[in-house]
Number of protein chains: 2
Amino acid sequence: MTQQDSEPLELSEALAQVAGEVERTLTAILPQPDGEGPEATLFEAMRYATLGGGKRLRPFLVVSTARLFEVPDNVSLRVGAAVELVHAYSLIHDDLPCMDDDPIRRGKPSCHVKFGESTAVLAGDAMVPLAFEVLADARTHPDAAVRAELVARLAKAAGPQGMVGGQMIDLAAEGLALEIGEVARLERLKTGALIEFCCVAGGVLGRVDARALRALGAYAHDLGLAFQIADDLLDAVGEADHVGKAVGKDAARGKATFVGILGTEGARDQAQLLARQAAAHLEPFGPRARLLSEVADYAVARTA
Amino acid sequence: MTQQDSEPLELSEALAQVAGEVERTLTAILPQPDGEGPEATLFEAMRYATLGGGKRLRPFLVVSTARLFEVPDNVSLRVGAAVELVHAYSLIHDDLPCMDDDPIRRGKPSCHVKFGESTAVLAGDAMVPLAFEVLADARTHPDAAVRAELVARLAKAAGPQGMVGGQMIDLAAEGLALEIGEVARLERLKTGALIEFCCVAGGVLGRVDARALRALGAYAHDLGLAFQIADDLLDAVGEADHVGKAVGKDAARGKATFVGILGTEGARDQAQLLARQAAAHLEPFGPRARLLSEVADYAVARTA
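The structure contained in this document is the topic of the report that follows. Since we're looking at a predicted model, the values are computed, not measured.

1. Looking at helix α8 (residues 163–173) of chain B
Stage number 1. Most of α8(B) sits inside the fold, with nine of its 11 residues counted as buried.
Stage number 2. Looking only at α8(B), the buried set comprises M163(B), V164(B), G165(B), G166(B), Q167(B), M168(B), I169(B), D170(B) and L171(B).
Stage number 3. If you follow the buried residues of α8(B), they end up packed against α2 (38–50) and α6 (117–136) of chain A together with α4 (73–95), α7 (144–158) and α9 (180–205) of chain B.
Stage number 4. Once α8(B) ends, the next one or two residues include G175(B), with phi positive near 85°.

So, in structure tokens, the structure goes:
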């Protein structure tokens, strides 16, 4: 299952390979909608919102950082699947009418458009405990201390002082002229905390020392910001068909973004700077970290 | 902190004592709404929906079963607080306009009425990771294997094949004529799974054998059903002022309940039978389980 001994794959192939494996892992983890009862609809909504879409960047980060420390993919893929469940739930709830009210997600009708609002709320609600169940399962790691640490870290990243706190700031900030430091803080919570979890989780699985965890965290911090700026650029200059979701909506609702503050060119320069900075944090891990260095460049390149 | 060595308190005093201690534990665990930013509003909504209300039956069950095995209260109260966070989140989301659309909770405006719908969704969303963070924290138990097992069990109880699955069936069942077995299954998932977690958690903290865990689970099963029938009775025959939430709404929306199927007297008889059955499962634990036996009677008595 591990990649360490084979020729390094090109990044796009490596992303596709992990995306395929995480899809299989998620397919096995999500409950099966057999039967005709109301739970079948709930399980179907969970699968609809989780399977068959997304770049799977977060699982890729877990798997790739874990490979640095020779952690087998069958371990890191379960952690990656848990993160992807949390990410997919956050998209379901963000798209709700009372939140961003977004009818399109990953090129398909959003979960609440397809299944109704109450089922969408419950599908998201069901995915969070499922993620923690996966992390706490002995199949994820034989050492309970590692499992408990992963649970604690994902819980912090997804909680009131992480992702949910960031979404709260994001909703409240609509129409406000935020300064760049405030936008950076918002994004660090809303998307950065989960990305940081992914990179650090690889180190936790590999039981690395605090210094290595800090380097992974610093990489994740710069990568997360670069990725968010890239997302803002896609919203500002992309086309809906290509991006797979509605675009131009940040500007339409007067949302403060990096592009709004720095301009298109300034934002692109900043993202490139962050991508280089991110790569520099990986130096202690040597040439094996090459694909991780390239992830940041890839994030920035897809906006050009 | 432990009660084992003192005179047994009467049930109502014991409930009040645990309720007071769990309130202090929750107050310390929930994030502080200092400052003026949007997160302060999120934290305020979380505290509003969690503090200052409810009988704290679930934490009482955790603390009382843990006392059977001489687990100190400062350990079991953290687990009880985690369960209460999950319970309080489920009430926030159940009350949402797209769910039960309930404007009153615990005698106060529901969270979404007080803080708006998006903040209410996010407050609930934030409380679930916080609950798992508490369980995974080394302050809850020194043995990581115990922490990981508590996480796995709470995750199952709160997830798609537990509480959220039950809420899905409940929403779908409105206006349908369910049979009594179907109502029992609905309630076993919607409220029973979490109550079972509470009782079994005391045994997990005390590292008891599988046989004792099964007895605790059987007690919880009968107690949970007795409690739900009592809740149905309160809705059918109670008064809103006394109950602290809207009553008569089950009948108004044609919801299948035990009272609807068995009638008021039949439901009361059934609840009393279940309370006696629940108490019988506690026999292996001897006289120290007296308060736990009385909980079931108390649940039934409050409807008379």
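2. Quick look at the interface of chain B and chain A
Stage number 1. Facing 42 residues of chain B, the contacting portion of chain A comprises 42 residues.
Stage number 2. For the side of chain B that touches chain A, the elements supplying multiple residues, two or more each, are α2 (38–50), α6 (117–136), α7 and α8 of chain B.
Stage number 3. The dominant element in the side of chain B that touches chain A, judged by the number of residues it contributes, is α6(B), at 12 residues.

3. So, the relation of the copies chain B and chain A
Stage number 1. It takes a turn of 180° to lay chain B on chain A, together with a shift of 0.0 Å along the axis; the resulting RMSD is 0.0 Å. With respect to symmetry, the two chain copies, as superposed, fit the operation of a two-fold axis.
Stage number 2. When the interface residues of chain B are mapped onto chain A, 100% of them are again interface residues, pointing to one common binding face.

4. Description of the nonpolar core
Stage number 1. Residues V151(A), A226(A), V151(B) and A226(B) are the most contacted members of the largest nonpolar core, which totals 210 residues.
Stage number 2. In this structure, V151(A) is in contact with F132(A), L135(A), A136(A), F132(B), A136(B) and V151(B), ignoring residues within four places of it in sequence.

5. Some remarks on the packing of α2(A) against α8(B)
Between two packed helices, what matters for the description is the angle formed by their axes and the separation of those axes.
Stage number 1. Packing of α2(A) against α8(B) leaves a shortest axis separation of 8 Å and a crossing angle of 120°. Here α2(A) is positioned oblique relative to α8(B), judged by the angle of their axes. Relative to α8(B), the crossing made by α2(A) is right-handed. Contacts between α2(A) and α8(B) involve P38(A), E39(A) and L42(A) from the first element and G165(B), M168(B), I169(B) and A172(B) from the second.
Stage number 2. Across the contact of α2(A) with α8(B), the residue classes tally to five nonpolar, one polar and one charged.

6. Some thoughts on the packing of helix α4 (residues 73–95) of chain A against α6(A)
Residue and element names in this part refer to chain A.
Stage number 1. Relative orientation of the contacting elements α4 and α6 amounts to 160°, with a least axis distance of 8 Å. Judged by the angle between their axes, α4 and α6 are roughly antiparallel. The two elements α4 and α6 meet at a crossing, and its hand is left-handed. Of the residues in α6, those in contact with R78, V79, A81, A82, L85, V86, A88, Y89, I92 and H93 of α4 are A120, A123, G124, M127, V128, L130, A131, V134 and L135.
Stage number 2. Residue composition of the contact of α4 with α6, by class: 16 nonpolar, two polar and one charged.

7. Quick notes on the environment of H93(A)
Stage number 1. Examined against the element boundaries, H93(A) turns out to sit in helix α4.
Stage number 2. Using a count of 26 C-beta atoms within 10 Å as the deciding quantity, one classes H93(A) as buried.
Stage number 3. As for H93(A) and E283(A), which are separated by 190 residues in sequence, their C-alpha atoms are 38 Å apart.
Stage number 4. Beyond its immediate chain neighbours, meaning those up to four positions away, H93(A) contacts M99(A), G124(A), V121(B) and D125(B).

8. As for the environment of R207(B)
Residues and elements named next belong to chain B.
Stage number 1. Relative to the helices and strands, R207 resides in the loop between α9 and α10 (210–237).
Stage number 2. C-beta crowding within 10 Å serves as the criterion here: with 14 such atoms nearby, R207 is assigned to the partly exposed category.
Stage number 3. Between the alpha carbons of R207 and E283 there is a distance of 19 Å; along the sequence they are 76 residues apart.

Thresholds applied
- Residues numbered from 1 in each chain as written.
- Chains lettered and ligands numbered in written order.
- Predicted model: local features only at pLDDT ≥ 70, side-chain atom pairs only at ≥ 80, totals over all residues.
- Buried ≥ 20, exposed ≤ 12 C-beta atoms within 10 Å, placed from the backbone.
- Helix = DSSP H or I, 4+ residues; strand = E, 2+ residues; numbered from the N terminus.
- Contact = placed C-beta atoms within 7 Å.
- Least-squares fit on C-alpha atoms with pLDDT ≥ 70 in both.
- Core = buried A, V, L, I, M, F, W, Y, C linked by C-beta atoms within 7 Å.
- Axes fitted to C-alpha atoms, helices over the stretch in contact; angles between N-to-C directions.
- Parallel < 35°, antiparallel > 145°, perpendicular 65-115°, else oblique.
- Left-handed = near helix turned anticlockwise from the far one by under 90°.
- Nonpolar A, V, L, I, M, F, W, Y, C, P; charged D, E, K, R; others polar.

Read these as geometric descriptors, not functional statements.
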